[in-house]
Amino acid sequence: MPIALNRRMFLRATAVAGGTTAFAGALWQQAFAGPAQPGPGPYGPLLAADGNGVQLPAGFTSRIVARSLQRVEGTRHTWHAAPDGGACYRDGDGWIYVSNSEVPLVGGASAVRFDATGKITSAYRILNGTTLNCAGGATPWNTWLSCEEHDYGLVYETDPYGRTSAKPRPAMGRFKHEAAASDPVRKVVYLTEDQGNGCFYRFRPTTWGDLSSGTLEVLIGTGVGAVRWAKVPRPEMWITPTRDQVEGAMRFDGGEGCHYAGGVCYFTTKGDNRVWAYDAVNERLDLAYDDDLVTGGAAPLRGVDNITGAVSGDLYIAEDGDNMEINVITPDGVVTPFLRVLGHDKSEITGPAFSPDGTRLYFSSQRGKSGFVAGTDGHTFEVTGPFRR
């Protein structure tokens, strides 16, 4: 019998029997009705693709706001290749969308500014001189943490408004960074690592709001259930990689997106198609989604990647490949496609982020229709509609 089938049968059996994989912890009792399963979504079925090749539910529309290596409409700024992680920031009555560039040597990040009506008013560069800037995360003090995805990668703290120069934050560790999420209650920043045997970290700044110094810690545990944290002794300069410096560090199969909300840090792992949920209040780890735990038909979400959340409590998870969807996981435990991009079969969806008022969702198709690995055909989209608040 194939290994994948053995694993699926084991996980389902333990869930039914009430084992640790059954999500019986406080996290799921408080936040979700149970493990996410396919079902009808809050917005109804996807309709035929619009003129941009995007399938959306009724009431939603899309537009393309930027294309790689082309000028952003109404500006003189050329949009970067391979758009990846992103976030939105308030800007007076308007807002700003920030996007990383996951290409070697010229990586960095750029931003698009919108007025109160959604019109693009400017676009500009906010980070240069870095490489393979993959995902990242916003901070409560309105900076963007742009993460380099290579073995000695750094986190760069950047200004979305373009007023100050970006600063490297080596105290947050040198490793294959993916995403970051800030927890303002415990005053830590959670970090994922894109390695097949990577770890999940948190950074405790010496002073909250200043990431220039602090302590990097790694999650210790054996799976779903109680976990703890231990200090990484050499996060900045190392011979032994950070993930191998602490005995008992829990391993994750390709860490990807990271999102904090309401005492829970959600993060994804692409190698096993999982959405994890770290209950920061009770220091417990659970699973929000696992394609091997889907019991009713085919798993709708595969190639899990970037993740964001809405004020409604819904989680939006982008797919790397598969059928190019963003799926939504609702607070009552339903997972279902929210949108699908057609004709971008060799690409991946990146950078989902909501405008500050929650009415617009931004994301990119990193390689666009061409599928070219350098991402020279990247598309950055905006979806507008009646999102749940």
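- An unreviewed UniProt entry lists the chain under the name PhoX family protein, from Actinomadura fulvescens.

1. Quick notes on empty space enclosed by the protein
- Per the stated rule, a full pass over the model turns up one cavity of 30 Å³ or more.
- In this model, the largest cavity occupies a volume close to 40 Å³.
- G41, P42, Y43, G44, P57, V328, T336, P337 and F338 are the residues that line the largest cavity.
- The biggest single contributor to the lining of the largest cavity is strand β25 (residues 334-341), with three residues.

2. Some words on the environment of F200
- You can see F200 is positioned in strand β14 (residues 200-207).
- The buried category is assigned to F200, whose relative accessible area is 1%.
- Along the chain, F200 and T222 lie 22 residues apart, while their C-alpha atoms are 13 Å from each other.
- The residues touching F200, leaving out its near neighbours within four places in the chain, are Y190, L191, T192, E217, V218, L219, W229, F252, C258, C265, F267 and Y278.

3. Comments concerning the packing of aromatic side chains
- In total, this model carries 29 aromatic pairs according to the counting rule given.
- Taking 5.8 Å as the distance between ring centres and 65° as the angle between the ring planes, the aromatic pair formed by Y190 and Y278 counts as edge-to-face. Within this pair, whereas Y190 is found in strand β13 (residues 188-193), its partner Y278 is found in strand β20 (residues 274-279), the two being separated by 88 residues in sequence. This pair shows no difference in class: Y190 is buried, exactly as Y278 is.

4. Description of the sheet that holds strand β19 (residues 264-269)
- Read across the sheet, five strands follow the order β16-β21-β20-β19-β18 without closing on themselves; strand pairing throughout is antiparallel. Taken across any chain shown, the strands that pair with only one partner, and hence form the sheet edges, are β16 (225-226) and β18 (255-261).
- Of the strand pairs in this sheet, β16 and strand β21 (residues 284-290) are connected by two bridges, and their pairing is antiparallel. If you follow G225 over to β21, its bridge partner there is L285.

5. Details of the state of the cysteines
- As enumerated under the stated definition, the model contains zero disulfides in all.
- The closest cysteine sulfur to the non-disulfide-bonded C134 is located on C147, 8.5 Å from its own sulfur.
- The class of C134 is buried, set by a relative accessible area of 4%.
- Just so you know, C258 is unpaired, no disulfide at all, and the nearest cysteine sulfur is the one on C265, 3.5 Å from it.

6. Regarding the layout of surface pockets
- Of the voids in this model, the largest pocket is the one considered here, and its volume is about 950 Å³.
- Forming the walls of the largest pocket are 39 residues, and the residues nearest its centre are C88, A138, H259, T308 and G309.
- Those elements that provide at least two residues to the lining of the largest pocket are β4 (83-91), β8 (133-138), β12 (177-183), β18, β22 (304-309) and β26 (349-354).
- Taken together, the residues of the lining of the largest pocket sort by class into 21 nonpolar, 15 polar and three charged.
- Of the volumes computed, that of the second largest pocket is approximately 160 Å³.
- Taken together, R63, I64, V65, A66, R67, Q70, R71, V72, E73, K119 and I120 make up the full set of residues lining the second largest pocket.
- By residue number, the principal contributor to the lining of the second largest pocket is strand β3 (residues 61-67), which donates five residues.
- Class assignment for the residues of the lining of the second largest pocket results in five nonpolar, one polar and five charged.

What counts and what doesn't
Residues numbered from 1 in each chain as written. Predicted model: local features only at pLDDT ≥ 70, side-chain atom pairs only at ≥ 80, totals over all residues. Heavy atoms only, no water. 1 Å grid on protein atoms, 1.4 Å probe; cavity = no way out; pocket = protein on both sides within 12 Å on 5 of 7 lines; lining within 4 Å. Points joined across faces, edges and corners; volume = space filled by probe spheres on them. Helix = DSSP H or I, 4+ residues; strand = E, 2+ residues; numbered from the N terminus. Buried < 20%, exposed > 50% of the residue type's maximum accessible area, 1.4 Å probe, protein only. Contact = heavy atoms within 4.5 Å. Phe/Tyr/Trp six-rings, centres within 6.5 Å; stacked < 30°, edge-to-face > 60°. Pairing = 2+ DSSP bridges. Disulfide = S-S within 2.5 Å. Nonpolar A, V, L, I, M, F, W, Y, C, P; charged D, E, K, R; others polar.

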